[in-house]
Amino acid sequence: AQSVTQLDSQVPVFEEAPVELRCNYSSSVSVYLFWYVQYPNQGLQLLLKYLSGSTLVESINGFEAEFNKSQTSFHLRKPSVHISDTAEYFCAVSEDTGRRALTFGSGTRLQVQP
Amino acid sequence: GAGVSQSPSNKVTEKGKDVELRCDPISGHTALYWYRQSLGQGLEFLIYFQGNSAPDKSGLPSDRFSAERTGGSVSTLTIQRTQQEDSAVYLCASSQSLGTNEQFFGPGTRLTVL
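An account of the accompanying structure is given in this report. Keep in mind that what you see is a predicted model, and the values were worked out from it rather than measured.

### What to know about the layout of surface pockets
Each pocket or cavity is described by its volume, and for the largest pocket that value is around 730 Å³. Of all the elements in the fold, those that place two or more residues in the lining of the largest pocket are strand E10 (87–95) and strand E12 (108–113) of chain A together with strand E4 (31–38), strand E9 (88–95) and strand E11 (109–113) of chain B. Grouping the amino acids of the lining of the largest pocket by side-chain chemistry returns eleven nonpolar, 15 polar and three charged. The space that makes up the second largest pocket amounts to roughly 170 Å³. Together, A:Tyr25, A:Ser27, A:Val29, A:Ser30, A:Val31, A:Tyr32, A:Tyr50, A:Leu51, A:Phe67, A:Lys69, A:Thr72 and A:Asp96 line the second largest pocket. Its residues placed into classes, the lining of the second largest pocket shows seven nonpolar, three polar and two charged.

### Description of unusual backbone geometry
The omega angle of the peptide bond from B:Ser7 to B:Pro8 is -10°, so this bond is cis rather than trans. Mapped onto the elements of the fold, B:Pro8 is located in the loop between strand E1 (5–7) and strand E2 (10–13). Unusually for a residue other than glycine, A:Glu16 sits at a positive phi of about 75°. In this structure, A:Glu16 sits in the loop between strand E2 (10–14) and strand E3 (19–21). Taking the relative accessible area as the measure of exposure, A:Glu16 reaches 60% and is therefore exposed.

Conventions adopted
Residues numbered from 1 in each chain as written. Chains lettered and ligands numbered in written order. Predicted model: local features only at pLDDT ≥ 70, side-chain atom pairs only at ≥ 80, totals over all residues. Heavy atoms only, no water. 1 Å grid on protein atoms, 1.4 Å probe; cavity = no way out; pocket = protein on both sides within 12 Å on 5 of 7 lines; lining within 4 Å. Points joined across faces, edges and corners; volume = space filled by probe spheres on them. Helix = DSSP H or I, 4+ residues; strand = E, 2+ residues; numbered from the N terminus. Nonpolar A, V, L, I, M, F, W, Y, C, P; charged D, E, K, R; others polar. Buried < 20%, exposed > 50% of the residue type's maximum accessible area, 1.4 Å probe, protein only.

Quick look at the structure:
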């Protein structure tokens, strides 16, 4: 069975400061890794994904995440956040086998303050 | 193109009543998933369809929950004899059957059981 741990339930940060949202996973097989974002009163949107190849993946709005196999981590970072980044962020994993369900972490609420 | 759509967006029902929730996946996506998002349990997988068959029903919480998919497209999640603990946002996602399991989510149906 796989599991995902997001260690921080809430992360307050000031605008233009850097941020890191932590994600660790556990799985006995190879996995695909995802970060989803949920803005207030909206659905889940895919932010970025690690499938294979380069361990550093980037999104169009400045977020990046690095897959670290030895530490089983997939932390999300942004060098300078905006007010509009305020949202809940979910890390998720699926196995690259027949079981296709996503297992989600408990989420991290990023609150960007002016 | 059109994304995943779900209806109704909100549903209020009385304890003991049956409810049906509908999901219309992205055209051409043969894989369809139901998840539930609640305050106490986070995001939980319920069931996965490949075409019209459901190879993974492991997340359905009780036999009051059932789902079907017809024509390889629309899916209906049915909850019989609803209980207050069924109150949650029910999310549907779809993906292409091959490849990396990137799932696209609908806006969800908020179910409130009084």
